[in-house]
Amino acid sequence: QAQLVESGGGLVQAGGSLRLSCAASGLTFSIHGMGWFRRAPGKEREFVAAISRGGATTYYADFVKGRFTISRDNAKNTVYLQMNSLKPEDTAVYYCAARRGVISGSGSGLEYDYWGQGTQVTVSS
């Protein structure tokens, strides 16, 4: 049974940094593209970043370009999201997701096959 477990969220002041991790199990991690999404209270889920199964291709939402970096370690079955220069508007529950198909730089995430339960990121002003 495929499972994705996010960790690394927490409370940070504006301008600070966090690194989120997503550990995968029960799936062949290396054949799955991975994505990060987030949902803030009262808002729809939105795309944050994605990385291809080999790690050669990445996509970022415009609002995180230059601040966030997605990476993966296939030997550890883990995908990461390094978040720098955090802003209060980054406050949300962050979810990782896996898909067997080709990743893209947009979308609601409906094309992803597996989802984690999320980790809370709170950025204070």
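Here the structure is a predicted model, which means the values were calculated and not measured. Along each chain, residues carry numbers from 1 onward, in the same order as the chain's sequence is written. Reporting in this predicted model follows two pLDDT cut-offs: at least 70 for local features of residues, and 80 or more for side-chain atom pairs to be given and counted; totals over whole chains, interfaces and linings ignore these cut-offs and use all residues. Calculated side-chain values reflect all of the structure's heavy atoms, with hydrogen atoms and water omitted.

## Some remarks on the overall build of the protein
Put simply, the rule is: In DSSP terms, a helix is any run of H or I states spanning at least four residues, a strand is any run of E spanning at least two, and both are numbered starting from the N terminus. Put simply, the radius of gyration uses C-alpha atoms, and a globule should come to 2.2 Å times the residue count raised to 0.38. Partly exposed residues are those whose accessible area sits between 20% and 50% of the maximum for their type, while under 20% is buried and over 50% is exposed, using a 1.4 Å probe and protein chains only.
Counting secondary structure elements, the protein contains zero helices and 11 strands. Of the regular secondary structure in the protein, the N- to C-terminal order runs β-β-β-β-β-β-β-β-β-β-β. For the protein, whose C-alpha radius of gyration is 13 Å, the value lies close to the compact-globule estimate of 14 Å for 125 residues. Seen along its three principal axes, the alpha-carbon backbone of the protein occupies a region of about 40 × 25 × 25 Å. Out of the 125 residues belonging to the protein, those deemed buried represent 42%.

## Section: the side chain of Glu6
For clarity, the cut-off: Only four residue types enter the tally: Lys and Arg on the positive side, Asp and Glu on the negative side; His and the chain ends are excluded. Whenever Lys or Arg places a side-chain nitrogen within 4 Å of a carboxyl oxygen from Asp or Glu, that contact is recorded as a salt bridge. N or O atoms closer than or at 3.5 Å make up a polar contact, with two conditions inside protein: a donor-capable atom paired with an acceptor-capable one, and, for residues adjacent in sequence, both atoms drawn from side chains. Residue contacts are counted whenever heavy atoms from the two residues lie within 4.5 Å of one another.
Note that Glu6 resides in strand E1 (residues 3-7). Although Glu6 is buried, it forms no salt bridge, and the closest oppositely charged side chain is Arg45 at an N-O distance of 9.9 Å. From its side chain, Glu6 meets the backbone nitrogen of Cys96 in a polar contact 2.8 Å long. Polar side-chain contacts of Glu6 include one of 3.1 Å to the backbone nitrogen of Gln117. For Glu6, the contacting residues outside a window of four places in its chain are Ser21, Cys22, Trp36, Tyr94, Tyr95, Cys96, Gly116, Gln117, Gly118 and Thr119.

## Observations concerning the nonpolar core
Most often, soluble globular proteins have nonpolar side chains that are buried together. Condition: By nonpolar core we mean a set of buried residues, namely Ala, Val, Leu, Ile, Met, Phe, Trp, Tyr and Cys, connected to one another through side-chain atoms within 4.5 Å.
Judged by nonpolar contacts, the single largest core of 35 residues is most densely connected at Trp36, Val79, Leu81, Met83 and Tyr94. Counting only elements with at least two residues in this core, the list comes to strand E3 (18-25), strand E4 (33-39), strand E5 (46-51), strand E7 (68-73), strand E8 (78-83), strand E9 (92-99) and strand E11 (119-124). Residues contacting Met83, with those up to four places away along its chain left out, are Gly16, Ser17, Leu18, Leu20, Arg67, Phe68, Tyr94 and Val121.

By themselves these figures say nothing about function.
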